[in-house]
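# Chain and residue survey
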Amino acid sequence: MILIGAVLVAATTWAAVEWLQGGVPVDGTPLERSKLRVESIRTGLTVGAGVTAGFALLLAFRRQQLAEHGQQLAERAQRATEHDAGERRITELYVRAAEQLGSEKAPVRLAGLYALERLAQDHPAHRQSTVEVVCAYLRMPYTPPDDHAPADTDTDTEADAPDRPAKEPREERQVRLTAQRVLARHLRPEIRDGHPDPRYWGPDIVLDLTEATLVDLDLAGCHLHDAAFSRATFSGDTSFDGATFSGDARFDGATFSSLTRFGGVTFRGDASFDRATFSRHVWFVGTTFGGSAWFDRATFHGEASFDRTTFGSTTSFVGTTFGGTAWFDKATLNGDASFDRAVFDGDAWFVGAAARSIAWFGAATFRADAWFGGATFDGDAWFGEVRFSSLPDFGGAVIHGGTPFEGATLDGAGYDGPPGAEQP
């Protein structure tokens, strides 16, 4: 650029001098013409100086551009170096915390959990991976201790310490309770002073607790995306009251050993409880199933409360066993609903229930009282081959369909249904 500029300045200066020299008049004395030629040369050199100054400014501007570009490159390189160093530091902390979870000492495992929690809180990009590590820890095999077994005393000698297996399960229980609380703490979008809780990690967190052993799990009010609890064991009381599942929820084959609460839960995707076992009372009161709800071959040993529950596209209780009272009072079944081959060992309450589409109870067994008073079946209803052990109550029920009780029996005898039940 300097060479080109020098040539340009020289050429411009020469051209200016030549042009000005050509404009010197031939008239006048030699002295006057000499003065005019000198003045034209001076003017040409002035033009050349101006061009030189302009080129110098252009060159300075170009140098400034190159300097700024070099500075930007240096800053980018510095930021990249700092980012790489930060990522390496985060990775080291992440790996160290994960390694602590494998320690044989419960306090070290607890420290690892809190380190992971702090890391995820400070670095949102690592929150899902942190949740995955905590879920993987909870999926590790674990047998809860017998709370009725005598606890270890401090009178044991050091020689007896290796023979004390009862203490470790109790310590592990505390670690697992802490892991569960870490998950719950960051999945609740509690509002404080009109602002979301800064500890909330967002509604897109995915939980994979397949085959996990969970102790006194409390995820009430939590917001989850997809959640997998298939074949999980829920030891102690379990609460999902007020929780929201924005994606699918899988509880296939899960075992609930104690009181279970799903009151007011919102399932926006599909919810599957196929072959799940509920050992005691379970509440689904006021729950909303936005997608399909599957309870095929599930077993309810205690009471099952689905009062005021809203079911979405498809509801299936095929082959389900209700060992205690089954409550479906004022439930709303918006899509097709099937209770085929279901067994009701306790009383069955469908008082005021509303089935907006097809409702099938084919080959179901009611071994106690069945109450359908005030129920409304807007679509086809089928009670064919149903076995009633006592006279069912359909007082005020509205049932559509031509022969909905074909093949039904009452205490072994034929049963044609309540008078006028076929007509609304």
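Predicted model only: the values in this text are computed from it and were never measured.

### With respect to the sheet that holds strand β19 (residues 299-300)
Pairing in this open sheet of 11 strands is mixed, and the strands run β4-β7-β11-β15-β19-β23-β27-β31-β34-β36-β37 from one edge to the other. Strand pairing shows two members of the sheet lacking a second neighbour, β4 (213-215) and β37 (413-414), which therefore form its edges. By the bridge criterion, 3 bridges tie β4 to strand β7 (residues 233-235) in an arrangement that is parallel. Opposite Thr-213, over in β7, you have Thr-233 as the bridge partner.

### Let's talk about the sheet that holds strand β12 (residues 260-261)
What the 7 strands build is an open sheet, ordered β8-β12-β16-β20-β24-β28-β32; its pairing is parallel. Both outer strands of the open sheet, β8 (238-239) and β32 (370-371), are each paired with one neighbouring strand and no more. With 2 bridges joining them, β8 and β12 adopt parallel strand pairing. Looking at β12, one finds that Thr-238 is bridged to Thr-260.

### Notes on the packing of aromatic side chains
Counted according to the given criterion, the structure contains 70 aromatic pairs. Considering the side-chain rings of Phe-366 and Phe-388, the 5.2 Å spacing of their centres and the 15° angle between planes classify their relative orientation as stacked. Of this pair, Phe-366 sits in strand β31 (residues 365-366) while Phe-388 sits in strand β34 (residues 387-388), placing them 22 residues apart in sequence. Each member of the pair Phe-366 and Phe-388 is classed as buried. With a centroid separation of 5.5 Å and an interplanar angle of 90°, the aromatic rings of Phe-383 and Phe-394 are classed as edge-to-face. Of this pair, Phe-383 sits in the loop between β33 (376-382) and β34 while Phe-394 is found in the loop between β34 and β35 (398-400), placing the two residues 11 residues apart along the sequence. Given the relative accessible area of 7%, Phe-394 is considered buried. Against the face of Trp-283 rests Arg-261, its NZ or CZ located 4.6 Å from the ring centre.

### Section: the nonpolar core
Judged by nonpolar contacts, the single largest core of 90 residues is most densely connected at Leu-207, Phe-229, Phe-240, Phe-245, Phe-251 and Phe-361. Secondary structure elements with two or more residues in this core: α2 (30-100), α3 (106-122), α4 (127-138), α5 (167-185) and β33. The contacts of Phe-245, once residues within four sequence positions are left out, are Leu-224, His-225, Ala-227, Phe-229, Phe-240, Phe-251, Val-265, Thr-266, Phe-267, Arg-268 and Gly-269.

### Overview of the confidence of the model for the chain
Detailed conclusions should not be drawn from predicted coordinates in areas where pLDDT is low. Here the chain averages 84 in pLDDT, and 81% of its residues register 70 or above. The low-confidence segment residues 151-167 (pLDDT under 50) makes 5 contacts with residues lying over four places distant or belonging to another chain.

### Topic: the environment of Ala-353
Tracing the backbone through its elements, the reader meets Ala-353 in the loop between β28 (348-349) and β29 (354-355). If we ignore the near neighbours within four places in the chain, the residues touching Ala-353 are Phe-328, Lys-330, Ala-331, Gly-374, Ala-375 and Thr-376.

### A few points about α4
For α4, with 12 residues, the first-to-last C-alpha span of 17 Å sits near the 16 Å given by 1.5 Å per residue. Among the residues making up α4, those that are buried are Arg-127, Thr-130, Val-131, Val-133, Val-134, Cys-135, Tyr-137 and Leu-138.

### Digging into unusual backbone geometry
The phi dihedral of Arg-231 falls on the positive side, at around 60°, and the residue is not glycine. Following the sequence through the fold, Arg-231 ends up in the loop between β6 (227-228) and β7. With phi around 60°, Arg-308 is a residue other than glycine that occupies positive phi space.

### A word on the pattern of salt bridges
Pairing is possible between side chains of opposite charge, provided their charged atoms come close. For the coordinates displayed, the defined rule picks out 12 salt bridges. Among the ionic pairs, Arg-109 bridges to Glu-168, the shortest N-O distance being 3.1 Å. Placement of the pair is Arg-109 in helix α3 and Glu-168 in helix α5, with a sequence separation of 59 residues. The partly exposed category is assigned to Glu-168, whose relative accessible area is 32%. Between Arg-185 and Glu-117 there is a salt bridge, with its nearest N and O atoms 2.9 Å apart. Note that Arg-185 is positioned in helix α5 and Glu-117 in helix α3, a separation of 68 residues in sequence. By relative accessible area, which is 26% here, Arg-185 ends up partly exposed. When salt bridges that share partners are traced, they join Arg-109, Glu-168, Glu-172 and Arg-176 into one network.

### Some details on the pairing of β33
Successive residues of a regular strand alternate their side chains across the two faces of the sheet. By the bridge criterion, 2 bridges tie β29 to β33 in an arrangement that is parallel. For Ala-355, the partnering residue across the bridge sits in β33 and is Phe-377. Where strand β30 (residues 359-360) and β33 come together, 2 bridges link them in parallel fashion. Note that in β33 the partner of Trp-360 across the bridge is Trp-382.

Cut-offs used in this document
- Throughout this description, residue numbers start from 1 for each chain and increase along the sequence as written.
- Two thresholds apply to this predicted model, a pLDDT of at least 70 for residue-level local features and 80 or more for giving and counting side-chain atom pairs, whereas whole-chain, interface and lining totals are computed over all residues.
- Side-chain numbers come from the whole structure's heavy atoms, not from hydrogens or water.
- Two strands pair under a simple rule: DSSP has to find at least two bridges between them.
- Runs of H or I in DSSP of at least four residues are treated as helices and runs of E of at least two as strands, each being numbered from the N terminus.
- Pairing of aromatic side chains requires ring centres within 6.5 Å, counting the rings of Phe and Tyr and the six-membered ring of Trp. Pairs whose planes differ by under 30 degrees are stacked, by over 60 edge-to-face, and all others tilted.
- In this scheme, a residue with accessible area under 20% of its type's maximum is buried, one over 50% is exposed, and one in between is partly exposed, where area comes from a 1.4 Å probe on protein chains only.
- Throughout this description, the term charge over a ring refers to an Arg CZ or Lys NZ atom that lies within 6 Å of the ring centre and within 35 degrees of the ring normal.
- In this description, a nonpolar core means a group of buried Ala, Val, Leu, Ile, Met, Phe, Trp, Tyr and Cys residues linked to one another through side-chain atoms lying within 4.5 Å.
- Whether two residues touch is decided by their heavy atoms; if any such pair falls within 4.5 Å, the residues are in contact.
- On a range of 0 to 100, pLDDT expresses the predictor's confidence in each residue.
- Expected helix span is taken as 1.5 Å per residue step, with the number of steps being one fewer than the number of residues.
- Each salt bridge in this description consists of a side-chain nitrogen of Lys or Arg and a carboxyl oxygen of Asp or Glu lying within 4 Å of one another.

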